[in-house]
Amino acid sequence: MSRRKPLQWPTSVQFITSPRYHSSVPASLRTNGAPPSLPTHAINVRIKPITDTDHPACGQYGLFTHKKIPPRSHIIDYIGEVHCQERAESDYDLSLYRSQDGVNVGIDARDMGNESRFINDYRGIQDKPNAEFVEYRTAGGEMRMSIWTKEKAIRKGDEILVSYGKPWWRGRQ
Ligand SMILES: C[S@@+](CC[C@H](N)C(=O)[O-])C[C@H]1O[C@@H](n2cnc3c(N)ncnc32)[C@H](O)[C@@H]1O
């Protein structure tokens, strides 16, 4: 489905609404073209610049709710370039899965992605994350990473915050 670019979308990043496969991904690990079972985009979120000087990502962007999102609800899929490379230099790369034959598959939203690439880590902002990553498989068998609210609703206007995990931060020390 084609969609208009969200407000605040950076010109240097391609806005995409379905995963792109890098040539490093073997055909056996690619989509079979079946549609996703969950929407890959979110209508209840907005990308906003962070101007609060107490926020550790001040000067960057974050993703905020535009409407209250109930507990245990799908917010958005993490969409980007699916690859089987080492991309330690990308701050937008997350691990999707490790195949049975030991191939690591990642999703890198540095150069292309959707609104989910603006979700910050909770550290230094809130006591705990209000959202979490959840892996799932589409009806066609394609692995996806999605972001869901946790046990509490996220209020309208709040920043969506996940945990990137300790290894992510260790890799940047
Ligand atoms: C996936 S991006 C998140 C979106 C980013 N803020 C932006 O505007 O593009 C990850 C980067 O956001 C920043 N970031 C996210 N959470 C942070 C936090 N809790 N403290 C400091 N920086 C954070 C770091 O620069 C990190 O490399």
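Remember, it's a predicted structure, so these values are computed and weren't measured experimentally.

What counts as what
- Residues numbered from 1 in each chain as written.
- Predicted model: local features only at pLDDT ≥ 70, side-chain atom pairs only at ≥ 80, totals over all residues.
- Core = buried A, V, L, I, M, F, W, Y, C linked by C-beta atoms within 7 Å.
- Buried ≥ 20, exposed ≤ 12 C-beta atoms within 10 Å, placed from the backbone.
- Contact = placed C-beta atoms within 7 Å.
- Helix = DSSP H or I, 4+ residues; strand = E, 2+ residues; numbered from the N terminus.
- UniProt positions renumbered as here; feature names shortened; annotations may be inferred.
- Near = placed C-beta within 6 Å.
- Nonpolar A, V, L, I, M, F, W, Y, C, P; charged D, E, K, R; others polar.
- Pairing = 2+ DSSP bridges.
- Axes fitted to C-alpha atoms, helices over the stretch in contact; angles between N-to-C directions.

**Some thoughts on the nonpolar core**
Proteins that are soluble and globular tend to have nonpolar side chains buried together.
Now for step 1: Counting residues in each nonpolar core, the largest one holds 22 residues, and the members touching the most others are Ile75, Ala131, Ile147 and Ile160.
Now for step 2: Those residues in contact with Ile147, other than ones at most four positions away along the chain, are Ile75, Ile76, Tyr78, Ser116, Ile119, Ala131, Phe133 and Val162.

**Considerations on the environment of Pro26**
Now for step 1: Here Pro26 lies in the loop between β2 (20-21) and β3 (45-49).
Now for step 2: Classification of Pro26 as partly exposed rests on a count of 13 C-beta atoms within 10 Å.

**Notes on the UniProt feature "domain: SET" (unreviewed entry) in the protein**
Now for step 1: Mapped onto this structure's residue numbering, the UniProt feature "domain: SET" (unreviewed entry) falls at residues 43-165.
Now for step 2: Across residues 43-165, the secondary structure splits into 0% helix and 39% strand, with the terminal C-alpha atoms separated by 26 Å.

**Points about unusual backbone geometry**
Now for step 1: In the Ramachandran plot, Gln8 falls in the positive-phi region, its phi being about 75° despite a non-glycine side chain.
Now for step 2: Residue placement: Gln8 occurs in the segment before β1 (14-15).
Now for step 3: Positioned with a positive phi, Arg72 is a non-glycine residue whose angle comes to about 50°.
Now for step 4: The exposed category is assigned to Arg72, around which 12 C-beta atoms lie within 10 Å.

**Observations concerning the site of the ligand**
Now for step 1: Not every one of the 14 residues close to the ligand is listed here, only the nearest: Pro56, Gln60, Tyr61, Asp91 and Asn120.
Now for step 2: Looking at the shell around the ligand, the elements that each hand over two or more residues are β4 (61-65) and β10 (120-121).
Now for step 3: Here the residues of the shell around the ligand sort into six nonpolar, four polar and four charged.

**Description of the sheet that holds strand β11 (residues 131-137)**
Now for step 1: Strand order in this open sheet of three strands is β5-β12-β11, and the pairing throughout is antiparallel. The open sheet has two free edges, formed respectively by β5 (74-77) and β11, since each of these has just one partner strand. Strand after strand, the sheet turns through a mean of 35° between neighbouring axes, direction not considered.
Now for step 2: Where β11 meets strand β12 (residues 143-149), seven bridges bridge the pair, whose relative direction is antiparallel. Within β12, the position partnered with Glu135 by the bridge is Met145.

**Topic: the sheet that holds strand β6 (residues 81-83)**
Now for step 1: Pairing is mixed across the open sheet formed by four strands, whose spatial order is β2-β6-β8-β7. One side of each edge strand has no neighbouring strand; the edge strands of this open sheet are β2 and β7 (93-98).

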